[in-house]
Amino acid sequence: MKLAGTYVGRLRLTVWRRKSTLLGAAMALALVVVCLQYNAAKEVVEVPPPPAAEETAEARANSVQFVANLPATGASLRTDSQGDLVDSAADANYVSGNLIYSGLDPKFNYVPPQRLVHLDLKGAPPKVPYLKRLLTLSREMGATGVLLEWEDMFPWSGELSPLAATNAYTRRDVDEIVETARSVHLEIIPLVQTFGHVEFALKHKEFTALREVPDSPQAICPSLNASVDLVYQMIDQMMAVHNNIRFLHIGCDEVFQMGECARCRTQTRDNLFLAHVSKVAQYVRSKYANVVPLIWDDMLRHLPPISLEQFRIGELVEPMVWVYAEDVYRFVPSSVWEKFAAIFPRVWAASAFKGAFGETLYVPNVKRHLENNLRWLQVMAAEGPKFKGGFQGIAVTGWQRYDHFSVLCELLPSAVPSLAINLLATSHGYFNQSLRTKLNTGLSCGMFGPSAERGMFLNLNNDPFLWDQFSRCAFPGHTFFKLLYRLNGLEREVSELVTTVRQSRGWMTAYNVRTNFSSPIRVDELMQDHPRLSHSLTALIHSAKDALAEVFDAYTVAEWIEQKLYPMVVQLEDMQKDATMLKSFRIWPKRPFAPLRDLERLGVPMPDNVIPPPG
């Protein structure tokens, strides 16, 4: 026992003397264990199970998630509704940093029966050869139809001839576009506004008397017979060109001005709206057998079911529910879906691939648009069973202007990658790396398209506009798409220069320019980058002119350059003019300088004996 006690005592003493070493070894061992557990966890990505029957629609909507750095492993494959192989393993479901649509079970990969490409042609007509290529590509990416919004680009005739823009399509052009769509098996649905957004007609003096509000051409007065006659004429001319169609979209969204004139004030806004929609829809159904009118849904969302039933709206039209943001249920909650399902046997959805996140943007954020479309697939899967006929389909919209008076937003060539990606997503019920080959082939990327190396396909977190990943592809309009990358960088540089010269530094501010008082050496220092940026801007304008001319007429080319590039030209030229003037002085006056006279109207007192500025 004494010997054992001696050994124990020596062991305690040794441990005590080497406690620091042993403690470090223990910490290192713990760190190794933690790292091993972390690496093992990285290789196992849990996918949420299919939503249970009792889950709410809002909960199902939240199953679109953000994931990061999913490794590429050996994934089993299955065939989806389009006959393409789909990775069924969780780690192949989506790509680095992007969205994941968690409905891996075929029951939850919802594919809308119809996938419409919306072409908004107002005020900037793409050339017919370009549209023909785009329609063919849309079909290859999964589109089944095209929603054509002609507006002032339609060859209106007779009393409606003022509605046609000077550069509108000819009847021969329209026939060629329609024939191309049919030749590639795209169903054609024309769209003509019949209540709100009739600016393209009411802006003309011939139709000013039909405005609901005399000073605004936004909406017609539904109480005037002449207004109804105008609508009927537009429908008749549209139908004469688009024969043998099943659907006609009659617009009716965002009727901002209603119930304001003396005639209309005698009725409620709800009754005014529903009575006009009912009248137009009945005209379409009675004159054009088997043609179903479609309308945008936003004016219906707040209406009580009793009003909708009173006008038998559910028997006359099919609503197209439009939400372009990521959270569909925020704008169309479950209560609206319940109401619509009780009124309408069938319903449509509308997402977006461009023209939804800013009136002056020039390239779409594909990350946001893809999430919008993926969420719509979930909403349609959840809400469709509530309708007797379910969802007819989805229109993937691409707005060219926010309304008739707005400037151009994203042009078609800038949005072709977004269009292709969102069509693939909606036509397959998901979007993952199994669609890589189809996407790269459709966009003529060859070996330069996005790859699936290291588990990555599209990196939308770091490249939401897809400039890095698609700039070397050869899709219709790729030259213009690539040019926008240069524009984005040049905009930042010019903005930084203007801010530095005019605000951050103290030698070329508005005060310096007004008083002709600055240091020539400091002016030279501030203008150091100016020649390079001016040269880059001039080169960009020449490139933009050539790239746009492949797609648009001279009017649209000039309009886009004026809106996006010319303001930078003016900024740089004004800066050069001020720099030249400030450097021209060799003798400067003593202070104080004459105050700005305009300050007097703001109550700023002026000193006596004001000394005039030099020059």
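Residues numbered from 1 in each chain as written. Predicted model: local features only at pLDDT ≥ 70, side-chain atom pairs only at ≥ 80, totals over all residues. Heavy atoms only, no water.

(A) Molecular detail of the overall build of the protein chain. On a plain count of helices and strands, the protein chain comes out with 22 helices and 14 strands. Looking at the protein chain as a whole, 53% of its 615 residues are labelled buried. Across the protein chain, contacts joining residues at least 24 apart in sequence account for 76% of those joining residues at least 6 apart. As displayed, the protein chain has an accessible area near 28500 Å², and 55% of this comes from carbon and sulfur atoms. (Helix = DSSP H or I, 4+ residues; strand = E, 2+ residues; numbered from the N terminus. Buried < 20%, exposed > 50% of the residue type's maximum accessible area, 1.4 Å probe, protein only. Contact = heavy atoms within 4.5 Å. Areas by Shrake-Rupley, 256 points an atom, 1.4 Å probe, with all protein chains shown as cover.)

(B) Molecular detail of the confidence of the model for the protein chain. Summary statistics for the protein chain give a mean pLDDT of 85 and a share of 80% for residues scoring 70 or more. Low pLDDT (under 50) marks residues 13-17, which in the prediction has one contact with non-local residues, meaning those over four places away or in another chain. Contacts from residues 36-106, a stretch scored under 50 in pLDDT, to residues over four places away or in other chains number 153 contacts. (pLDDT = per-residue confidence, 0-100.)

(C) Seen up close, the packing of helix α13 (residues 366-383) against helix α14 (residues 416-428). Contact pair α13 / α14: the axes reach a minimum separation of 10 Å and the direction vectors enclose 20°. The angle between α13 and α14 falls in the class roughly parallel. Both α13 and α14 take part in a crossing whose hand is right-handed. Residues V366, H369, L370, N373, L374 and L377 of α13 form the contact with α14, whose own contacting residues are S418, I421, N422, A425 and T426. (Axes fitted to C-alpha atoms, helices over the stretch in contact; angles between N-to-C directions. Parallel < 35°, antiparallel > 145°, perpendicular 65-115°, else oblique. Left-handed = near helix turned anticlockwise from the far one by under 90°.)

(D) Spotlight on the pattern of salt bridges. Throughout the structure, instances matching the rule amount to 21 salt bridges. Of the charged contacts, one joins D236 and K287 as a salt bridge, the two residues approaching to 3.2 Å between their closest N and O atoms. A residue pair is termed long-range when its members are at least 10 positions apart, and D236 in helix α7 (residues 225-241) and K287 in helix α8 (residues 269-287) qualify at 51 residues. Close ionic contact of R522 with E525 constitutes a salt bridge, the shortest N to O distance being 3.5 Å. Placement of both R522 and E525 in helix α19 (residues 520-526) is noted, with a separation of three residues, approximately one turn of the helix. The network of salt bridges with shared partners includes E338, E383 and K386. (Salt bridge = Lys/Arg side-chain N within 4 Å of Asp/Glu carboxyl O.)

(E) Structural detail: the side chain of S518. Turning to its location among the elements, S518 is positioned in the loop between α18 (510-515) and α19. Its relative accessible area of 10% is what places S518 among the buried residues. Reaching out from S518, the side chain makes a polar contact with the backbone oxygen of W507 at a distance of 2.5 Å. Those residues within four positions of S518 in sequence are excluded, and the remaining contacts are W507, N512, V523, L582 and W588. (Polar contact = N/O pair within 3.5 Å; in protein donor to acceptor, adjacent residues only side chain to side chain.)

(F) Highlighting the layout of surface pockets. In this structure, the second largest pocket occupies an estimated 340 Å³ of space. Around the second largest pocket, the lining comprises 18 residues; the ones closest to its centre are H197, D253, E254, W399 and Y402. Among the residues making up the lining of the second largest pocket, the classes are represented as six nonpolar, four polar and eight charged. (1 Å grid on protein atoms, 1.4 Å probe; cavity = no way out; pocket = protein on both sides within 12 Å on 5 of 7 lines; lining within 4 Å. Points joined across faces, edges and corners; volume = space filled by probe spheres on them. Nonpolar A, V, L, I, M, F, W, Y, C, P; charged D, E, K, R; others polar.)

(G) The pairing of strand β13 (residues 346-354), seen in detail. With eight of its nine residues buried, β13 lies for the most part within the structure. Here three bridges tie strand β12 (residues 318-322) to β13, and the two strands are oriented parallel to one another. Residue pairing in the sheet places W322 in a bridge with A350 of β13. Bridge count between β13 and strand β14 (residues 390-398): eight bridges; the pairing is parallel. Bridge pairing in β14 places A349 opposite I394. The β-α-β motif built from β13, the intervening α13 and the parallel element β14 has right-handed crossover chirality. (Pairing = 2+ DSSP bridges. Right-handed = clockwise from strand over helix to strand, strands pointing away.)

(H) Structural context of helix α4 (residues 128-140). Between the first and last C-alpha of α4 there are 19 Å, a value that for 13 residues agrees with the 18 Å anticipated at 1.5 Å per step. All of the buried residues in α4 are V128, Y130, L131, L134, L135, L137 and S138. (Expected span 1.5 Å × (residues − 1).)

(I) How the structure looks around empty space enclosed by the protein. Using the criterion set out here, one finds two cavities of 30 Å³ or more in the structure. In this structure, the largest cavity occupies an estimated 40 Å³ of space. Forming the walls of the largest cavity are E149, E151, W156, L191, V192, Q193, F200 and M238. In the lining of the largest cavity, the residues fall into five nonpolar, one polar and two charged.

(J) Just the pairing of strand β5 (residues 114-120), in detail. Of all seven residues in β5, seven are buried, a share of seventy percent or more. Going residue by residue along β5, you find Q114, L116, H118 and D120 tucked away on one face and R115, V117 and L119 tucked away on the opposite face as well. At this point the chain moves from β5, through α4, to the parallel strand β6 (residues 145-149), and the crossover so formed is right-handed.

(K) Quick look at the state of the cysteines. Taken as a whole, this structure holds one disulfide when the rule is applied. The partner cysteine of C445 in its disulfide is C473, sulfur to sulfur 2.1 Å. Note on the C445 and C473 pair: the S-S dihedral is about 100°, so by sign convention the disulfide is right-handed. Taken together, the residues span a long stretch of sequence, with C445 in the loop between α15 (436-442) and α16 (467-470) and C473 in the loop between α16 and α17 (478-504) at a distance of 28 residues. (Disulfide = S-S within 2.5 Å.)

(L) Highlighting α8. Look at α8: 27 Å from first C-alpha to last across 19 residues, which is about the 27 Å you get at 1.5 Å a residue. Those residues of α8 that fall on the buried side of the exposure criterion are L272, F273, L274, H276, V277, S278, V280, A281, Y283 and V284. Summarising the contacts, the buried residues of α8 are in contact with β9 (216-220), α7, β10 (247-249), β11 (292-296), α9 (305-310) and α10 (313-316).

(M) A look at unusual backbone geometry. Omega for the peptide link from R591 to P592 comes to 0°, which places this bond in the cis form. Within the secondary structure, P592 is located in the segment after α22 (566-583). At E254, a residue that is not glycine, the phi angle is positive and equals roughly 45°. For E254, the location among the structural elements is in the loop between β10 and α8. When its relative accessible area of 23% is taken as the criterion, E254 is described as partly exposed.

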